[in-house]
Amino acid sequence: AGILVVVGVLAVVLMREKPNESTEMKQTTEKKKTRGCVWEGLTYERIKKKPYFYLVAVLILVTGFSLQGISGIYAAHMRDEGLSATTIARVASVSSLALTGSKILVGILYDKIGLRKVVALCECMAVLAFLTLAFLSGNGYGVWLSLAFALLYAIALPLETLMIPLIVNDMFGKVSYDKI
């Protein structure tokens, strides 16, 4: 959980929203839309010289390792803590259904509040999910914590699925992926 706190803070500090005006980064007006500008993005040749490019790559890697590492062991951990197989199955079902909704929610939030705030939100949910798993026990309180884990973990998981293409889009803009 501590590693994810550091990753979350660094991600929020390092990620930039699309600039309004910049001499280094060009923008063009898109003909199909009547308002706003389209971010052209940076070329790979230019961005690979920026230190934040590599730091963002490491942050994505650490986040993915953390979230995927938990996905394989949370059921065994819950069993070790004394939760029943029925409760664990219920947690897996709730998590799966909540993940579907959270991907839609994260997409809507990205459109409304931007990449930095959504990444921060998902990172916070990941930290809270890890903490609920750490304080889990086999009593009645543990059942509620396991369900809270399922919801929090479902909100955190888009970090490694949905957010990666959005981060790439934020860095490279409309540049065709075969030209990156």
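How each quantity is defined
Residues numbered from 1 in each chain as written. Predicted model: local features only at pLDDT ≥ 70, side-chain atom pairs only at ≥ 80, totals over all residues. Heavy atoms only, no water. Salt bridge = Lys/Arg side-chain N within 4 Å of Asp/Glu carboxyl O. Buried < 20%, exposed > 50% of the residue type's maximum accessible area, 1.4 Å probe, protein only. Helix = DSSP H or I, 4+ residues; strand = E, 2+ residues; numbered from the N terminus. Expected span 1.5 Å × (residues − 1). Contact = heavy atoms within 4.5 Å. Patch = residues over 30% accessible without salt bridge, like charges linked within 9 Å, V, L, I, M, F, W, Y side chains within 5 Å. Areas by Shrake-Rupley, 256 points an atom, 1.4 Å probe, with all protein chains shown as cover. pLDDT = per-residue confidence, 0-100. Phe/Tyr/Trp six-rings, centres within 6.5 Å; stacked < 30°, edge-to-face > 60°. Axes fitted to C-alpha atoms, helices over the stretch in contact; angles between N-to-C directions. Parallel < 35°, antiparallel > 145°, perpendicular 65-115°, else oblique. Left-handed = near helix turned anticlockwise from the far one by under 90°. Nonpolar A, V, L, I, M, F, W, Y, C, P; charged D, E, K, R; others polar. Core = buried A, V, L, I, M, F, W, Y, C linked by side-chain atoms within 4.5 Å.

Visitor: Whenever I open this one, the pattern of salt bridges confuses me. Can you help?
Guide: Between side chains of opposite charge, pairing is possible as soon as their charged atoms come close. Inspection of the entire model under this criterion finds one salt bridge. Here Lys 48 makes a salt bridge to Glu 45, at a shortest N to O gap of 3.4 Å. The class for Glu 45 is partly exposed, based on a relative accessible area of 47%.

Visitor: Explain helix H5 (residues 115–134) here, please?
Guide: Residue pairs spaced three or four apart in an α-helix point in one direction, given the helix's 3.6 residues per turn. Between the first and last C-alpha of H5 there are 29 Å, a value that for 20 residues agrees with the 28 Å anticipated at 1.5 Å per step. Among all positions of H5, only Leu 115, Val 118, Val 119, Cys 122, Glu 123, Met 125, Ala 126, Val 127, Ala 129, Phe 130, Thr 132 and Leu 133 are buried. In this fold, the buried residues of H5 make contact with helix H1 (2–14), helix H3 (51–80), helix H4 (85–113), helix H6 (140–156) and helix H7 (163–172).

Visitor: Explain a nonpolar patch on the surface here, please?
Guide: There is a patch of nonpolar side chains on the surface, built from Val 6, Leu 10, Leu 55 and Val 58 and spanning about 290 Å² of accessible area. Residue assignment for the nonpolar patch shows that the elements contributing at least two residues are H1 and H3.

Visitor: Hey, could you run me through the confidence of the model for the protein in this one?
Guide: Do not read the fine detail of predicted coordinates wherever pLDDT is low. Of all residues in the protein, 82% have pLDDT values of 70 or greater, and the mean over the chain is 81. Contacts for the low-pLDDT stretch residues 31–36, under 50 throughout, to residues beyond four places or in other chains number one contact.

Visitor: Explanation requested: the packing of aromatic side chains in the structure shown.
Guide: Applying the stated criterion across every chain yields a total of four aromatic pairs. Here Phe 53 and Tyr 54 contribute two aromatic rings whose centre-to-centre distance is 5.2 Å and whose plane-to-plane angle is 75°, an arrangement assigned as edge-to-face. Judged by its relative accessible area of 15%, Phe 53 is buried. Of the residues examined, Tyr 54 reaches a relative accessible area of 44% and is grouped as partly exposed. Three or more aromatic residues joined by ring pairs make a cluster, and in this case those are Tyr 74, Phe 149 and Tyr 153.

Visitor: Is there a simple way to think about the packing of H5 against H6 in this case?
Guide: Angle between the axes and distance between the axes are the two parameters that describe a pair of packed helices. For the pair H5 and H6, the least separation of the axes is 8 Å and the interaxial angle reads 155°. If you check the angle between H5 and H6, you find them roughly antiparallel. Between H5 and H6 the crossing geometry is left-handed. In this structure, H5 uses Cys 122, Met 125, Ala 126, Leu 128, Ala 129, Thr 132 and Leu 133 to contact H6, whose residues at the interface are Leu 145, Phe 149, Leu 152, Tyr 153, Ile 155 and Ala 156. The class makeup of the residues in the contact of H5 with H6 is 12 nonpolar, one polar and no charged.

Visitor: Explain the nonpolar core to me, please; I cannot follow it from the model alone.
Guide: One recurring pattern in soluble globular proteins is that nonpolar side chains are buried together. Core analysis: the biggest nonpolar cluster contains 43 residues, and Leu 67, Met 78, Phe 149 and Met 163 have the highest contact counts within it. Elements with a contribution of two residues or more to this core: H1, H3, H4, H5, H6 and H7. A total of 10 residues in this core trace back to one element, the largest contributor, which is H5. Setting aside residues no more than four positions away along its own chain, Met 78 makes contact with Leu 83, Ile 88, Val 91, Leu 133, Leu 136, Ser 146 and Phe 149.

Visitor: Sorry, what's going on with the side chain of Ser 95 here?
Guide: Mapped onto the elements of the fold, Ser 95 is located in helix H4. With residues near it in sequence (within four places) discarded, Ser 95 still touches Ala 150, Tyr 153 and Ala 154.

Visitor: Just checking my understanding: could you explain the environment of Ala 156 for this structure?
Guide: In this structure, Ala 156 sits in helix H6. For Ala 156, a relative accessible area of 0% translates into the label buried. For the pair Ala 156 and Val 106, spaced 50 residues apart in sequence, the C-alpha to C-alpha distance is 9.6 Å. Apart from residues lying up to four places away in sequence, Ala 156 is in contact with Leu 67, Cys 122, Met 125 and Ala 126.

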